[in-house]
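# Results of the structural survey
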Amino acid sequence: LPGDGFCLDSGGKCSLRAAIEEANAAANSCGTIDINFDSTCFASVNGPYEIFWSTPLDPIQHNVNINGPGADILTINGGDNRIFTINSGFTVSISGLTLTEGLAPGDDPQGGALKNNGGTVTVNDCVFTGNSAEGDGGAIYNTGGSLTLNNCTIDDNDTNGFGGGIANYSGT
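Residues numbered from 1 in each chain as written. Predicted model: local features only at pLDDT ≥ 70, side-chain atom pairs only at ≥ 80, totals over all residues. Heavy atoms only, no water.

## Structural notes on the nonpolar core
Selection criterion: In plain words, nonpolar cores are sets of buried Ala, Val, Leu, Ile, Met, Phe, Trp, Tyr and Cys residues tied together by side-chain atoms within 4.5 Å. Residue burial is assigned from relative accessible area. The probe radius is 1.4 Å, only protein chains are included, and a residue is buried under 20% of its type maximum, exposed over 50%, and partly exposed in between. Counting from the N terminus, the helices are DSSP H or I runs at least four residues long and the strands are E runs at least two residues long.
L16, I66, F84, L97 and F128 are the most contacted members of the largest nonpolar core, which totals 33 residues. Contributions of two or more residues to this core are made by α1 (16-25), β2 (49-52), β3 (64-67), β4 (74-77), β5 (84-87), β6 (91-95) and β9 (120-124). For this core, the element with the most residues is α1, which contributes four residues.

## Here's the deal with the pairing of strand β12 (residues 140-143)
When a strand is regular, its side chains alternate between the sheet's two faces. Condition: Only when DSSP finds a minimum of two bridges between them are two strands counted as paired.
The pairing of strand β8 (residues 114-117) with β12 spans three bridges and is classified as parallel. Considered in β12, the bridge of K115 is made with Y141. Sheet analysis places β12 next to strand β16 (residues 166-169), joined by four bridges and oriented parallel. In the strand pairing of β16, T143 is matched with Y169.

## Here's the deal with the layout of surface pockets
Note the following rule: Method remark: on a 1 Å grid restricted to protein atoms, a set of points is classed as a cavity if a 1.4 Å probe fits but cannot get out and as a pocket if it is open with protein on both sides within 12 Å along at least five of seven lines; lining residues have an atom within 4 Å of a point. Grid points are joined across faces, edges and corners, and a volume is the space filled by probe spheres set on the points. Each residue is assigned to one class: nonpolar for Ala, Val, Leu, Ile, Met, Phe, Trp, Tyr, Cys and Pro, charged for Asp, Glu, Lys and Arg, and polar for all the others, Gly among them.
The computed volume of the largest pocket comes to approximately 380 Å³. What lines the largest pocket is a set of 18 residues, among which C14, S15, L16, N36 and F37 lie closest to the centre. Contributing elements (two or more residues each) for the lining of the largest pocket: α1 and β1 (33-36). Its residues placed into classes, the lining of the largest pocket shows eleven nonpolar, two polar and five charged. Considered as a void within the structure, the second largest pocket measures approximately 190 Å³ in volume. P56, L57, R82, T85 and P105 are, among the 14 residues lining the second largest pocket, the residues nearest its centre.

## Looking at the packing of aromatic side chains
The condition is simple: For Phe, Tyr and Trp, where Trp contributes only its six-membered ring, two rings pair if their centres lie within 6.5 Å, and the inter-plane angle classes them as stacked under 30 degrees, edge-to-face over 60, or tilted in between.
Applying the stated criterion to the full structure yields three aromatic pairs. Ring centres of F42 and Y49 lie 5.2 Å apart, and the angle between their planes is 80°; this geometry places the pair in the edge-to-face category. Of the two residues examined, F42 and Y49, each falls in the buried class. On the numbers, 5.5 Å between centres and 35° between planes, the contact of Y141 with Y169 is tilted. In this pair, Y141 sits in strand β12 while Y169 sits in strand β16, placing the two residues 28 residues apart along the sequence.

If you want it as structure tokens, here you go:
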């Protein structure tokens, strides 16, 4: 259960979804939470690996660092759901992942892989590919927040609006 202090999904494992749900439920006084992928589970010799979202993930509402094992090792497949939404006032770092098949929902059609709604977001060493939105920002939509990309590849994303890769509105 989110907020019980244990990062466990229904199968008894700590999934990325369960880790984000626990972070969202944590008191802000606990500081930034690191979500790290176990290198023994995600060893490059046995990879690459894929996490598939069958349902949308809750927006990130806590300061978190999501540290993947490497974009060539782990892919997050949105399964036609947006992969990450960051709400206003939160600082989020995402690194070492490939984000693909993210699709912005019809009632919020911007940002297929990532939508930053006023947070402070830094993305390092990630690949954004195969994401789409009916509105703006096929891969990334930044509005009212700060977005920094370092050593990222943004390729083959699609939108019916502006910014197949990135759309930035009233943000930096």
